[in-house]
Amino acid sequence: MTDNNYIAINWNSIEDTIDKLTWEKLTEQFWLDTRIPLSNDLDDWRTLSPIERDMIGKVFGGLTLLDTLQSQDGVDAIRMDIRTQHEEAVLNNIQFMEAVHAKSYSSIFSTLNTKKEIEDIFQWTNSNEVLQYKAKRINDIYQNGSPLQKKASSVLLETFLFYSGFYAPLWYLGNNKLANVAEIIKLILRDESVHGTYIGYKFQLGYQELSEKEQEELKNWVYTTAYELYSNETKYTQMIYDTLGWSERVKVFIRYNANKALQNLGFDPLFPDTAEDVDPIVMNGISTGTSNHDFFSQVGNGYLLGQVEAMSDDDYDKWI
């Protein structure tokens, strides 16, 4: 708004081409959980042990909490420091899809779990200290941090902290189980890839405008925060996966994704782990370009809007 006049957004006059390209990518990728035939996974679900079912419930409960944080607080915090009107439009899209992600887990619960089990999952989610620390730590930055700290925290959440939860459905997908549940996770992964890369790009624009001293201080803050969150994430991982003996493999996965988050921010890796160190079954599942079943034939031709080239973490390199 200038001189009390509202400024109409003009998509024919673009200040930053990345805004337009990201908008187009996100709208092409639009999807809804109601179009995924989750009930087809019930036979697989019945073959899982009680320990596995408990783990999956907690995994999706934790993911629901983090997506709720992003849709209710995360995007609002970042929106306060937009560079262009088009950036705000992109953030509006991101905020809506975060709400879709959060709702998707409830669709999974309503398909696979009893009412009592769902109540127990949400009670655990809303009271678990380690999980709550993760959400509260990020939200504290959203409420009190600098604009660039808020962007960095959003990238750490979306490209790093979600992935302890993503491990399980990707592993089951690689073992030919819960294919439709995993399809929702792959659709969420596709969105988060764009979100993390886009917000990381906006972070880098602001970072480049800082003095050398300010850059060094912010960089140290990002690494300290990332390691602090990783330390908590190891506790969370052990709490979720120790009973199945998966914890060490999941830790490799989250360290790899912590490095990807730092890459989105323009920084060097914090951990030595690379893609080659991650369970190949999970790495195959994390690819957003393929599906192990005919997804589009199941949801109908009207859903072909979602059939687009997958976003990769390197897509923005040529613009940075």
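Residues numbered from 1 in each chain as written. Predicted model: local features only at pLDDT ≥ 70, side-chain atom pairs only at ≥ 80, totals over all residues. Heavy atoms only, no water.

It is worth spelling out the environment of Y198 at this point. Tracing the chain through its elements places Y198 in helix α9 (residues 179-207). On a C-alpha basis, the gap between Y198 and V90 in space is 9.4 Å, while along the polypeptide they are 108 residues apart. (Helix = DSSP H or I, 4+ residues; strand = E, 2+ residues; numbered from the N terminus.)

A separate point is the UniProt feature "binding site: Fe cation 1" (unreviewed entry) in the protein. UniProt feature "binding site: Fe cation 1" (unreviewed entry): in the numbering of this structure it lies at D67 and H101. Their sequence span is 35 residues, while the largest C-alpha to C-alpha distance among them is just 6.5 Å; these annotated residues converge on one region. Within the secondary structure, D67 sits in helix α3 (residues 50-79). For D67, a relative accessible area of 0% puts it in the buried group. The residues touching D67, leaving out its near neighbours within four places in the chain, are E98, H101, A102, Y105, F162 and E192. Relative to the helices and strands, H101 resides in helix α4 (residues 85-112). Residue H101 is classed as buried on the basis of its relative accessible area of 0%. (UniProt positions renumbered as here; feature names shortened; annotations may be inferred. Buried < 20%, exposed > 50% of the residue type's maximum accessible area, 1.4 Å probe, protein only. Contact = heavy atoms within 4.5 Å.)

In this section: the UniProt feature "active site" (unreviewed entry) in the protein. UniProt records the feature "active site" (unreviewed entry) for Y105 in the present numbering. You can see Y105 is positioned in helix α4. Ignoring any residue separated from it by four or fewer positions in sequence, one finds Y105 in contact with F60, L63, T64, D67, F166, I185 and I188.

A few words on the side chain of T125. Residue position: T125 is located in helix α5 (residues 115-127). Here I121 takes part through its backbone oxygen, which lies 2.9 Å from a polar atom of the side chain of T125. Residues contacting T125, with those up to four places away along its chain left out, are G61, G62, L65, L131 and Q132. (Polar contact = N/O pair within 3.5 Å; in protein donor to acceptor, adjacent residues only side chain to side chain.)

Here the focus is the packing of α3 against α5. For the pair α3 and α5, the least separation of the axes is 9 Å and the interaxial angle reads 55°. In terms of their interaxial angle, α3 and α5 are classed as oblique. Here the hand of the crossing between α3 and α5 comes out right-handed. Facing α3, whose interface residues are G57, K58, G61, G62, T64 and L65, α5 presents I121, F122, W124, T125 and N126. (Axes fitted to C-alpha atoms, helices over the stretch in contact; angles between N-to-C directions. Parallel < 35°, antiparallel > 145°, perpendicular 65-115°, else oblique. Left-handed = near helix turned anticlockwise from the far one by under 90°.)

A word on the environment of I7. Tracing the backbone shows I7 in the segment before α1 (17-28). For I7, a relative accessible area of 45% puts it in the partly exposed group. In this structure, the C-alpha to C-alpha distance between I7 and Q85, residues 78 residues apart in sequence, is 9.0 Å.

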